[in-house]
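Observations on chain architecture
Single-letter residue listing:
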Amino acid sequence: MKYYSTRQIDTKGYSGAEAILRGIAADGGLLMPERIPTFSLSDFATFSQLSYPALAARLLHSFLPEYTEQELLEDASAAYGEMSFPRGALEVKRVDRALYALELWHGPTCAFKDLALQLMPHLFKRAKEKMGEERTALILTATSGDTGKAALEGFKNIPGIKIQVFYPQDGTSLTQRLQMVTQEGDNVSVYGINGNFDDAQRGVKRLFGDEHLAEVLNEKGVFLTSANSINFGRLVPQIVYYVYAYLTLVKNGAIGMGDKLDIVVPTGNFGNILAAYMTKRMGLPVGRLVCASNQNNILYDFFSTGIYDRNRPFYTTISPSMDILVSSNLERLLYLALGAQKTAQYMQSLAQTGRFALSYDELALLQSEFDGDWTSEDETKDIIRLCYDQKGYLIDPHTAVAMHSACKKQIYDAKPSDLRRTLVVSTASPFKFTLSVLQALGQEVPQTEAEAMKALSAYTGHPIPCPLLDLDQKEVRFAACIAVEDMDESMLRFAEE
Ligand SMILES: *Cc1c(COP(=O)(O)O)cnc(C)c1O
């Protein structure tokens, strides 16, 4: 199984291990497997006996055949064990007649990124061994809040690896920032930047593309790579939970094997929903895929008009992990749907003019699989309150964006008796965004995050998740904020430490 650039200006085929070490192709494109493995319904039926780690090993082996299934099982068992996921990797909860929530935030940082970033460091470490790579890997990560913390937790204290995270100084929730600046470990570095997430992501991509810098680092025995969802090693673990959730719904009798399941995903960088789309290409009976955006609704416009245009205002919302105007993984969808040549053309246009426009036929092709939708700030708060007051189900603002789209979709669906089962992807613990959630619930909002967590816990009866307890008691290790232009210097200094 070889991996190729989505632009195929770089025509080299990389092994899976190489793809994970590199993160990105030489031409700036993203790496994709030469084909997507497919499974029959009876294959999926046999998978329903597997534990989560065993399912992960089975599915990952089909993408990464140079990792043995035994190696992958060891890695997945370590990643999804009781230490990190005391309640199991995920939970599927029934919210309403035909509505289910896939809770992906029971890991060490209370957001869905843990599902990928607990496993990826193991894949990465093995890739280094398989490739005989002895240089230190310096993992650069731009984060809108959740990736940074999850990557730091995943990669901390791993020999031969360093990790540096850049987050927008005013673009995360207080809890998200506190989680990052108090990070423990001897191979970690964290900076706030004066800018938004797109500035951070652009800064990191610029460092990756700088050949002179790569040479300087090489002489020091260091190479740069990425733990963002541009890295295929981030994406492939995300396939597993869609398959597992589907099989769980079959086991619970919510759907029959082969029934179509619609999936609504709160979307930022388009990684999570792309993983859902890939499971559909693998043969899982997935129905509509709903790409749910917040007020930064560039993807809604794209799926409605075929025009992707990032020349627009950037909004800071209460769902900060989705405050993104350049959704990197959309490139992978373009590649799968339209091929490398078109992808290269559109990406060049995006780089040069900030926009590209699909043809009518191309748009129709994407619309045959995806619906776009978006939710305003007020609607986000309303649905948090409605969902809690009417269904007794507490959600965070990101999940709320998806829940809002799912409820709307169900209202427009035909007779209640033919309501198709819908899975809403729940991406973060409500305790990660306590101030917004309390406000949405119409509760008084205390001054500090710690008091707010206690208030939310008292009001709802839900315990504060362990990883978020006592966050304010921890030592702040990384207080610095830098200009985007100074990212090079901070990176070089960290590389030499
Ligand atoms: C990262 C994140 C998202 C967006 O996921 P993408 O894969 O970037 O589309 C949504 N919700 C939360 C809580 C996140 O952390």
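Residues numbered from 1 in each chain as written. Predicted model: local features only at pLDDT ≥ 70, side-chain atom pairs only at ≥ 80, totals over all residues. Heavy atoms only, no water.

Some details on the packing of aromatic side chains
What counts, and what does not: Classification of ring pairs uses Phe, Tyr and Trp, with its six-membered ring standing for Trp, and accepts pairs whose centres are within 6.5 Å; under 30 degrees between planes counts as stacked, over 60 as edge-to-face, and the remaining range as tilted. Numbered from the N terminus, helices here are DSSP runs of H or I no shorter than four residues, and strands are runs of E no shorter than two. With a 1.4 Å probe rolled over the protein chains alone, any residue whose accessible area is under 20% of its type maximum counts as buried; one over 50% counts as exposed, and the rest are partly exposed.
Taken as a whole and judged by the stated rule, the model has 21 aromatic pairs. When the centroid spacing of 5.9 Å and the interplanar angle of 40° are considered together, the rings of F270 and F370 count as tilted. With F270 in the loop between strand 9 (261-266) and helix 12 (271-282) and F370 in strand 13 (residues 370-374), this pair connects stretches of sequence that are 100 residues apart. With respect to burial, F270 and F370 carry one shared label: buried.

Points about the site of the ligand
Our working rule: Only a single heavy atom is needed: when it lies within 4 Å of a molecule or strand, its residue is near that molecule or strand. A 3.5 Å cut-off defines polar contacts: any pair of N or O atoms within that distance qualifies, except that in protein one atom must be a possible hydrogen donor and the other a possible acceptor, and neighbouring residues in sequence count only when both atoms are side-chain atoms. To be clear on the numbers: accessible area is Shrake-Rupley with a 1.4 Å probe, and residue cover counts the displayed protein chains and nothing else. Residue type decides the class: Asp, Glu, Lys and Arg count as charged, Ala, Val, Leu, Ile, Met, Phe, Trp, Tyr, Cys and Pro as nonpolar, and the leftover types, Gly among them, as polar.
The environment of the ligand is made up of 15 residues, and the closest members are K113, D146, G268, N269 and N272. Residue F270 places a main-chain N or O atom 3.0 Å away from an oxygen atom belonging to the ligand. In the model, an oxygen atom of the ligand is placed 2.9 Å from a nitrogen or oxygen of the N272 main chain. Considering the ligand on its own, with 380 Å² of exposed area, one finds that the protein chains cover 97% of that surface. Residues belonging to the shell around the ligand are distributed by class as follows: 5 nonpolar, 8 polar and 2 charged.

Structural notes on the sheet that holds strand 10 (residues 286-293)
Our working rule: Should DSSP find at least two bridges between two strands, the strands are regarded as paired. The axes are straight lines fitted to the C-alpha atoms, using for helices just the contacting stretch, and the angles between their N-to-C directions are given from 0 to 180°. Whether two residues touch is decided by their heavy atoms; if any such pair falls within 4.5 Å, the residues are in contact.
Strand order in this open sheet of 6 strands is 3-4-14-9-10-13, and the pairing throughout is mixed. Here the strands that pair on one side only, and so sit at the sheet edges, are strand 3 (91-96) and strand 13. Adjacent strand axes in the sheet meet at a mean angle of 25° when their direction is disregarded. Judged from the 5 bridges that link them, strand 9 and strand 10 form a sheet pairing that is parallel. Opposite V264, over in strand 10, you have V290 as the bridge partner. Seen against the sheet, helix 13 (residues 298-305) touches strand 10 and strand 13 and runs at an angle of roughly 135° to strand 13.

So, the pattern of salt bridges
This is how it is decided: Think of a salt bridge as a Lys or Arg side-chain nitrogen and an Asp or Glu carboxyl oxygen that are within 4 Å of each other.
Per the stated rule, a full pass over the model turns up 28 salt bridges. Across the salt bridge formed by D96 and K391, the nearest N and O atoms sit 3.2 Å from each other. Of this pair, D96 sits in strand 3 while K391 sits in helix 17 (residues 377-391), and the two are 295 residues apart along the sequence. We note a salt bridge from D199 to R202, for which the minimum N-O separation is 2.8 Å. You can see D199 and its partner R202 sitting in helix 9 (residues 197-209), 3 residues apart, about one turn around the helix.

Re the environment of P285
Among the secondary structure elements, P285 is positioned in the loop between helix 12 and strand 10. Measuring from C-alpha to C-alpha, the distance between P285 and N329 comes to 22 Å, with 44 residues separating the pair along the chain. Those residues in contact with P285, other than ones at most four positions away along the chain, are L41, Y246, G258, D259, K260 and L261.

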